[in-house]
Amino acid sequence: MLMPILQIHSEDMPAYAIVCGDPARAEKISRKLEQARELAFSREYRTFVGLYEGVQIAVVSHGVGSPGAAVCFEELIRAGVTTLIRVGTAGSYTADYPAGSVIVSTAAVRSDGLTRQLVPDGFPAVADIGVTQALIEAAREHGSEEATTFAGKVGVGITVTLDAFFAGVEEIPHRKYKQAGALAAEMEIAALYIVSTLRGARAGAIVAIDGFADSDLAAEYDPHTDAVGQAVEREINAALRAIAALARQDQA
């Protein structure tokens, strides 16, 4: 069956997928797979499939923001994907996790517009506990190739999903989110968790910190530093290892 937006066929899709915003990052992740091949590049949605430690994995870009990303998640699940992990970047709310850190998202504050049209306001956006645990273990794994150079921290906690990247005349309550214990802000995780919950899939997310969302910690935004690059590499490798571990558990 053809997915009309992603332009992929369900018979080509495996059960496991890594999703990311940037089509170029999807291509980068695909280079870590064996027998990788590109299935489609439609709008912002670029799809690859390949093998990692013998597990068939799809890598798909979803663009920026919850509405477009939700289209991607919906069609992937309709095509047969049952496990989704988002890798991306986020702005930190705390000096404890500066640029170059990595955070595993256990749940997302729904400060977007998309999920309000899918579920009631009080409904939580929560990661799958098994996927989350696999991501935590993979991100904190010692002895991995990148562990010798990675200088950032690995955190676990709540993230915030927003629609606005740049400020307008309405104030975004970053300070309140921080006071409530949220660690970072990004733009798609709540959509991933809500769509996956509604459609019976499991999902998790890991993000690399590329700057501060908290104005009290504001600094010149530069997502292209070596520290951020190392964090992105670490989150990608963690997502791949997590999927391999989940696949082994599923087959046991």
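Going by the structure above, here's the rest.
Everything numeric here is computed off the predicted structure, so don't read it as measured data.

**Points about the overall build of the protein chain**
Here is step 1: Looking only at helices and strands, the protein chain has six helices and 12 strands in total.
Here is step 2: For 252 residues, the compact-globule formula gives about 18 Å, and the C-alpha radius of gyration of the protein chain, at 17 Å, lands near that figure.
Here is step 3: For the C-alpha atoms alone, the extent of the protein chain along its principal axes is close to 50 × 45 × 35 Å.
Here is step 4: With an accessible surface of roughly 11,400 Å², the protein chain has 51% of that area assigned to carbon and sulfur atoms.
Here is step 5: Across the protein chain, the 21 positively charged side chains and the 32 negatively charged ones have centroids separated by 2 Å.

**Comments concerning the packing of aromatic side chains**
Here is step 1: Going through the model one piece at a time under the given rule, you end up with three aromatic pairs.
Here is step 2: For the pair Tyr93 and Tyr177, a centre-to-centre distance of 6.5 Å together with 40° between the ring planes defines the contact as tilted. With Tyr93 in the loop between β7 (83-92) and β8 (102-111) and Tyr177 in helix α4 (residues 174-180), this pair connects stretches of sequence that are 84 residues apart.
Here is step 3: Tyr93 sits in the buried class, given a relative accessible area of 0%.
Here is step 4: Plain terms: the ring middles of Phe165 and Tyr221 are 6.3 Å apart, the flat faces sit at 70° to each other, and that makes the pair edge-to-face. Taken together, the residues Phe165 in the loop between β10 (154-162) and α4 and Tyr221 in the loop between β12 (202-212) and α6 (226-251) connect sequence positions 56 residues apart.
Here is step 5: When its relative accessible area of 54% is taken as the criterion, Phe165 is described as exposed.
Here is step 6: Taking the relative accessible area as the measure of exposure, Tyr221 reaches 44% and is therefore partly exposed.
Here is step 7: Among the aromatic residues, those joined into a cluster by ring pairs are Phe165, Phe166 and Tyr221.

**Observations concerning the side chain of Arg110**
Here is step 1: Within the secondary structure, Arg110 sits in strand β8.
Here is step 2: For the buried Arg110, no salt bridge exists, and the shortest N-O distance to an oppositely charged side chain is 4.4 Å, to Asp121.
Here is step 3: Looking at Arg110, its side chain comes within polar contact range of the side chain of Thr115, at 2.9 Å.
Here is step 4: Those residues in contact with Arg110 that sit more than four places away from it in its chain are Thr115, Arg116, Val119, Pro120, Asp121, Gly122, Phe123, Ala125, Thr161, Ala190 and Ile194.

**A few points about the layout of surface pockets**
Here is step 1: Taken as a whole, the largest pocket encloses approximately 1,200 Å³ of empty space.
Here is step 2: In this structure, the largest pocket is lined by 43 residues; those nearest its centre are Gly91, Phe165, Ala185, Phe212 and Ala213.
Here is step 3: Contributing elements (two or more residues each) for the lining of the largest pocket: β7, α4, β11 (184-186) and β12.
Here is step 4: It is β7 that provides the largest number of residues to the lining of the largest pocket, a total of five residues.
Here is step 5: Tallied by class, residues from the lining of the largest pocket come to 19 nonpolar, 11 polar and 13 charged.

**Details of the packing of helix α2 (residues 66-78) against helix α5 (residues 189-199)**
Here is step 1: At a minimum axis distance of 9 Å, the contact between α2 and α5 shows a crossing angle of 30°. Comparing the axis directions of α2 and α5 gives the class roughly parallel. Here the hand of the crossing between α2 and α5 comes out right-handed. Mapping the contact onto sequence places Ser66, Ala70, Phe73, Glu74 and Ile77 in α2 and Ala191, Leu192, Val195, Ser196 and Arg199 in α5.
Here is step 2: Split into classes, the residues belonging to the contact of α2 with α5 amount to six nonpolar, two polar and two charged.

**Points about the side chain of Thr161**
Here is step 1: With respect to the secondary-structure elements, Thr161 resides in strand β10.
Here is step 2: For Thr161, a relative accessible area of 0% corresponds to the buried category.

**Regarding unusual backbone geometry**
Here is step 1: Unusually for a residue other than glycine, Gln35 sits at a positive phi of about 55°.
Here is step 2: Structurally, Gln35 is set in strand β4 (residues 34-42).
Here is step 3: A positive phi angle, near 55°, is found at Arg43, a position not held by glycine.
Here is step 4: Tracing the chain through its elements places Arg43 in the loop between β4 and β5 (45-52).
Here is step 5: Judged by its relative accessible area of 67%, Arg43 is exposed.

Calculation rules
- Residues numbered from 1 in each chain as written.
- Predicted model: local features only at pLDDT ≥ 70, side-chain atom pairs only at ≥ 80, totals over all residues.
- Heavy atoms only, no water.
- Helix = DSSP H or I, 4+ residues; strand = E, 2+ residues; numbered from the N terminus.
- Rg over C-alpha atoms; globule rule 2.2 N^0.38 Å.
- Areas by Shrake-Rupley, 256 points an atom, 1.4 Å probe, with all protein chains shown as cover.
- Lys, Arg positive; Asp, Glu negative; His and termini not counted.
- Charge placed at Lys NZ, Arg CZ, Asp CG, Glu CD.
- Phe/Tyr/Trp six-rings, centres within 6.5 Å; stacked < 30°, edge-to-face > 60°.
- Buried < 20%, exposed > 50% of the residue type's maximum accessible area, 1.4 Å probe, protein only.
- Salt bridge = Lys/Arg side-chain N within 4 Å of Asp/Glu carboxyl O.
- Polar contact = N/O pair within 3.5 Å; in protein donor to acceptor, adjacent residues only side chain to side chain.
- Contact = heavy atoms within 4.5 Å.
- 1 Å grid on protein atoms, 1.4 Å probe; cavity = no way out; pocket = protein on both sides within 12 Å on 5 of 7 lines; lining within 4 Å.
- Points joined across faces, edges and corners; volume = space filled by probe spheres on them.
- Nonpolar A, V, L, I, M, F, W, Y, C, P; charged D, E, K, R; others polar.
- Axes fitted to C-alpha atoms, helices over the stretch in contact; angles between N-to-C directions.
- Parallel < 35°, antiparallel > 145°, perpendicular 65-115°, else oblique.
- Left-handed = near helix turned anticlockwise from the far one by under 90°.

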